[in-house]
Amino acid sequence: QVQLVESGGGLVQAGGSLRLSCAASRSINSIDVMGWYRQAPGKQRELVANIYTSSGRTNYADSVKGRFTISRDNAKNTVYLQMNSLKPEDTAVYYCNVIRIGRSYWGQGAQVTVSS
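Residues numbered from 1 in each chain as written. Predicted model: local features only at pLDDT ≥ 70, side-chain atom pairs only at ≥ 80, totals over all residues. Heavy atoms only, no water.

Concerning the pattern of salt bridges
Oppositely charged side chains may form a pair once their charged atoms are brought near each other. For the coordinates displayed, the defined rule picks out 4 salt bridges. Put simply, Asp90 and Arg38 hold a salt bridge, and the shortest N to O gap is 2.9 Å. A residue pair is termed long-range when its members are at least 10 positions apart, and Asp90 in the loop between strand E8 (78–83) and strand E9 (92–100) and Arg38 in strand E4 (residues 33–39) qualify at 52 residues. One exposure class covers both Asp90 and Arg38, and it is buried. When the shortest N-O distance is used, the salt bridge between Asp62 and Lys65 registers 3.1 Å. (Salt bridge = Lys/Arg side-chain N within 4 Å of Asp/Glu carboxyl O. Helix = DSSP H or I, 4+ residues; strand = E, 2+ residues; numbered from the N terminus. Buried < 20%, exposed > 50% of the residue type's maximum accessible area, 1.4 Å probe, protein only.)

Structure below.
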């Protein structure tokens, strides 16, 4: 079982920045993958970025490459999503996700709203 607590969402103007945090109740050593998904109203949830906790290898959606950075702090059992140059189309609920022994766990969601 993994509990995830997200923080850092909010309202920002286009071009601004936000950093999302997701703290896991288990050591990152026991988690295979940590990542971020987002879901805009009326749309399906999509992968934004993820990171393999052992290797540090990352993946990004094409729409956020060069603007978003995923990172993790193993000592804090936390994964971050640094979001720069935000655009209105980034507006969504952002969900933290971890995979452990083949099971997915989800955070509660953080609303990110980017005004034009």
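Back to the write-up after that little detour.
Section: the pairing of strand E7 (residues 68–73)
Alignment of E7 against E8, held across 6 bridges, turns out to be antiparallel. Of the residues in E8, the one forming a bridge with Asp73 is Thr78. (Pairing = 2+ DSSP bridges.)

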